[in-house]
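Secondary and tertiary structure notes
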Amino acid sequence: MSNGMEKDIVILGIETSCDETSAAVVRNGREVLSNVVSSQIESHKRFGGVVPEIASRHHVEQITYILEEALSNAAVTFQDIDAVAVTEGPGLVGALLIGVNAAKALAYAHDIPLVGVHHIAGHIYANHLVEELTFPLLTLVVSGGHTELVYMEGHGSFEVIGETRDDAVGEAYDKVARTLGLPYPGGPHIDRLAHEGEATIELPRAWLGPESYDFSFSGLKSAVINTLHNAKQRGEELLPENVAASFQESVIEVLVGKTMRAAEEKQVQRVLLAGGVAANKGLRRALKEACDKKGLSLTIPTLEYCTDNAAMIASAGTILYQSGRRSGDRLNGQPGLLLK
Amino acid sequence: MNGLAIDTSTYVLGVAVVKDGEVVGEFMTNLKKNHSLRLMSAIRTLMEEAEMTPKQLDRIIVAQGPGSYTGVRIGVTTAKTMAWALQIPVVGVSSLKILAQYGRYFTGVISPFFDARRGQVYTGLYRMSNGLVENIRPDQIILHHDWLSALKDLGEQVLFVSPDMTKHQETIEEVLGKKAIFGQKTENLLRPGELALLGMNQDVSVNTHEFAPNYIRLAEAEAKWLAARQGEQKENKGE
Ligand SMILES: [Zn+2]
């Protein structure tokens, strides 16, 4: 901070929960001094999805390169680091273990405190890098592994009020994309096609009862596959643009609808969008329109902080560090870690 | 010369500390417990017992594999990150070579091995020469039966050492009969002190950033992908 009284807090963040090896240095939870991300996407493309063993192998080969670049880009040394924050879960266990063990090694070598961070807390705090968070707030988390509505009364307090009962929204995008013969990862392709087509096909909306904030996308995914199959049987040709537009419309209507209902019930003034699918243009626009209509302020991270990155982990780690959270030598990768 | 040695390539969790060239402490368990959870506490405890701090270390030594993919990665990640952070070298030692050290007074050949499933083993061949246990056939993955037949052809006595001995001893005896020698149960476990000694005497030449496990084997998905691609290339050439 700049009042000259408080000491700066500099956190080294590490993120390896899926297919990005990332390290970042963040000052006072908001100022990104460096954020280095090594994506493995090119390597996994040939398999049509992330292969856990390959991901782990890449992480161990990349980890110290990325750490060194993060420190050197930030022009800091270990002496300047107040704590190491690392994603402890959820994610691919073998991938998480690389970040966690690297973090423990650094913490021990230089006697620096260690803070384990929940991956979704990181995604939420990606917004803190853009705009200082104010409470209470509601976050819609959308990614390849998650679809959640998280209510926050203050820093570091997370209440999951809704989550997916089957596929995560990003997963549904990838599966529909595959059915349409689009390359992995399919999300951006669907988003692009949707803008070129029209929602001419009737597809279901999974509301799951009037009270529920949970999500379900497997029914929608099956409906798309069936529609394509039936059309083919009848010898009809469906325009992929229209299929994409119809699918995206159903997804967005449910996501935005539930978010707005929760925002009203929880009486929040602020809504956040987080996770890799936050890069989806259709979703960004629809949520912006809905929030504007209700007079709610909406924050969406810039594209580089939507996908997995260590700056967001360092930001969330700063809040935890300030609240006194410390992880010990027994910190471990936890693939099914719950957000609390 | 001071060093820290780490082995998590099998169920054994092994840590050793070298102070002024002497192995002054070893931590070793043979439990089916989580290495990631326990490794750092073991390192800290042993270093404290030896009254050493990380900054006093001159090198980090690690069992580089083969072994459990995840296990080896935990050790290698910890070792290379510590080495990089402390600006000291990391030294990798074959996990099989560590086991082979038990044969240092044996006059025949030494075959350390780990079970690799589907009838395969990770193994290599070693022999005592000029006071050191030297590798004479490189570490590899091979069908156990093929390996044993090749050893039989040598006509020498073979010392077998392996944490997976119970599963394989019968087969070995069937093929090699009296030529097969087995040690005590304690000699089937990778001892961290042996790793430490090997690592202290090994040259340091590797780039820490590039240091990675020696898996011996490609990831399954990668092997399948390569095989499929080779098939395609043959088709394209009309073969
Ligand atoms: Zn993520």
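Cut-off values and rules
As a convention, each chain's residues are numbered from 1 in the sequence order in which they are written. The order in which chains are written sets their letters, starting at A; the order in which ligands are written sets their numbers, starting at 1. Only residues with pLDDT of at least 70 are given local features in this predicted model, and only at 80 or more are side-chain atom pairs given and counted; all residues enter the totals for whole chains, interfaces and linings. The basis for every side-chain value is the complete set of non-hydrogen atoms in the structure, without hydrogens or water. UniProt positions are given in the numbering used here, feature names are shortened, and annotations may be inferred rather than shown by experiment. Metal donors: N, O and S atoms at distances within 2.8 Å, or within 3.2 Å for Na, K and Ca, with water omitted from the atom set so that some sites may seem incomplete. Strands are runs of DSSP state E lasting at least 2 residues, helices are runs of H or I lasting at least 4, and numbering of each runs from the N terminus. Only heavy atoms enter the contact rule, under which two residues are in contact if any of them lie within 4.5 Å. Buried area counts how much accessible surface, traced with a 1.4 Å probe, disappears from two parts once they are put together, with both parts' losses summed. In what follows, salt bridge is the name for a side-chain nitrogen of Lys or Arg lying within 4 Å of a carboxyl oxygen of Asp or Glu. Pairs of N or O atoms are called polar contacts if they sit within 3.5 Å, as long as, within protein, a hydrogen donor faces a hydrogen acceptor (for residues adjacent in sequence, only side-chain-to-side-chain pairs). Only strands that DSSP links by at least two bridges are regarded as paired with each other. Axes, fitted as lines to C-alpha atoms, cover a helix only where it is in contact. Angles between the N-to-C directions of the axes lie from 0 to 180 degrees. Where each domain begins and ends is defined by an automated method or by a domain database. In this classification, Asp, Glu, Lys and Arg are treated as charged, Ala, Val, Leu, Ile, Met, Phe, Trp, Tyr, Cys and Pro as nonpolar, and every other residue, Gly included, as polar. Ring pairs are drawn from Phe, Tyr and Trp, using the six-membered ring of Trp, whenever the two centres fall within 6.5 Å, and their geometry is named by plane angle: stacked under 30 degrees, edge-to-face over 60, tilted for the rest. A simple rule labels every residue: compare its accessible area, found with a 1.4 Å probe on the protein chains alone, to the largest value its type can have, and call it buried under 20%, exposed over 50%, or partly exposed in between.

The name given to chain B in an unreviewed UniProt entry is tRNA threonylcarbamoyladenosine biosynthesis protein TsaB, with Evansella caseinilytica as the source organism.

Under the annotation held in an unreviewed UniProt entry, chain A carries the name tRNA N6-adenosine threonylcarbamoyltransferase and is attributed to Evansella caseinilytica. Here chain A is described in UniProt, under the heading Subcellular location (unreviewed entry), as follows: "Cytoplasm". Recorded in UniProt for chain A, the comment headed Catalytic activity (unreviewed entry) runs: "L-threonylcarbamoyladenylate + adenosine(37) in tRNA = N(6)-L-threonylcarbamoyladenosine(37) in tRNA + AMP + H(+)".

1. Digging into the coordination of the zinc ion
Residues and elements named next belong to chain A. Protein coordination of the zinc ion is provided by His119 (NE2), His123 (NE2) and Asp308 (OD), with donor distances spanning 2.1 Å. In the primary sequence, the donor residues of the zinc ion line up as H-x3-H-x184-D. Taken together, the residues span a long stretch of sequence, with His119 in helix α4 (residues 119–125) and Asp308 in the loop between α10 (303–306) and α11 (310–322) at a distance of 189 residues.

2. Some thoughts on the interface of chain B and chain A
Facing the 38 residues of chain B at the interface are 30 residues of chain A. Interface of chain B and chain A: buried area, both sides summed, is about 3300 Å²; carbon and sulfur atoms make up 60% of it. Three residues, B:Arg73, B:Trp84 and B:His209, lead the burial of chain B against chain A; their summed loss comes to 20% of the area buried on that side. Taken together, the connections running from chain B to chain A amount to 3 salt bridges. The salt bridge involving A:Glu53 is made with B:Arg73; its shortest N-O contact spans 2.9 Å. At the junction of chain B with chain A, the criterion picks out 15 residue pairs in polar contact (both at pLDDT 80 or more).

3. Notes on the UniProt feature "binding site: substrate" (unreviewed entry) in chain A
All names here are of chain A. Summarizing the sequence annotation, UniProt attributes the feature "binding site: substrate" (unreviewed entry) to Val141, Val142, Ser143, Gly144, Gly145, Asp174, Gly187, Asp191 and Asn280 in the numbering used throughout. Among all residues touching Val141, those that are not within four sequence positions of it are Ile120, Ile124, His146, Thr147, Glu148, Val150 and Ala274. Among the structural elements, Gly145 can be located in the loop between β6 (137–142) and β7 (147–152).

4. Examining the sheet that holds β6(A)
All names here are of chain A. The mixed open sheet is built from 5 strands, whose spatial order is β8-β7-β6-β9-β10. With partners counted over all chains shown, the strands left at the sheet margins are β8 (159–163) and β10 (297–299), one partner each. On average, adjacent strands in this sheet sit at an angle of 20° to one another, irrespective of strand direction. As paired elements, strand β9 (residues 270–274) and β10 share 3 bridges and run parallel to each other. Counted as the bridge partner of Val271 is Leu298 from β10.

5. Digging into the domain arrangement of chain A
Residue and element names in this part refer to chain A. Split by domain assignment, chain A resolves into domain 1 (10–125 + 306–322) and domain 2 (134–300). Of note, the centres of domain 1 and domain 2, computed from C-alpha atoms alone, are 27 Å apart. On the side of domain 2, 20 residues touch domain 1, which itself brings 14 residues to the contact. Buried surface at the junction of domain 1 and domain 2, summed over both partners, amounts to about 1300 Å²; 77% is from carbon and sulfur atoms. Counting the surface domain 1 buries against domain 2, the share from its top three residues, Ile120, Ile124 and Cys306, is 40%. Put simply, domain 1 and domain 2 have 0 salt bridges between them. Summed over the shared surface of domain 1 and domain 2, the result is 3 residue pairs in polar contact (both at pLDDT 80 or more). Of all the secondary-structure elements, those providing two or more residues to the side of domain 1 that touches domain 2 are α1 (41–45) and α4. A breakdown of the residues in the side of domain 1 that touches domain 2 according to their chemical character gives 9 nonpolar, 4 polar and 1 charged.

6. Remarks on the packing of aromatic side chains
This model, assessed by the stated rule, comprises 8 aromatic pairs over all chains. Ring centres of A:Phe78 and B:Trp84 lie 5.6 Å apart, and the angle between their planes is 70°; on these two criteria the pair is classed as edge-to-face. Taken together, the residues A:Phe78 in the loop between α2 (52–74) and β4 (83–89) and B:Trp84 in helix α2 (residues 69–86) connect one chain to another. A relative accessible area of 8% means that B:Trp84 is categorised as buried. Here the aromatic rings of A:Phe215 and A:Phe217 are separated by 6.2 Å at their centres, their planes lie at 10°, and the arrangement is stacked. Owing to a relative accessible area of 0%, A:Phe215 belongs among the buried residues under this scheme.

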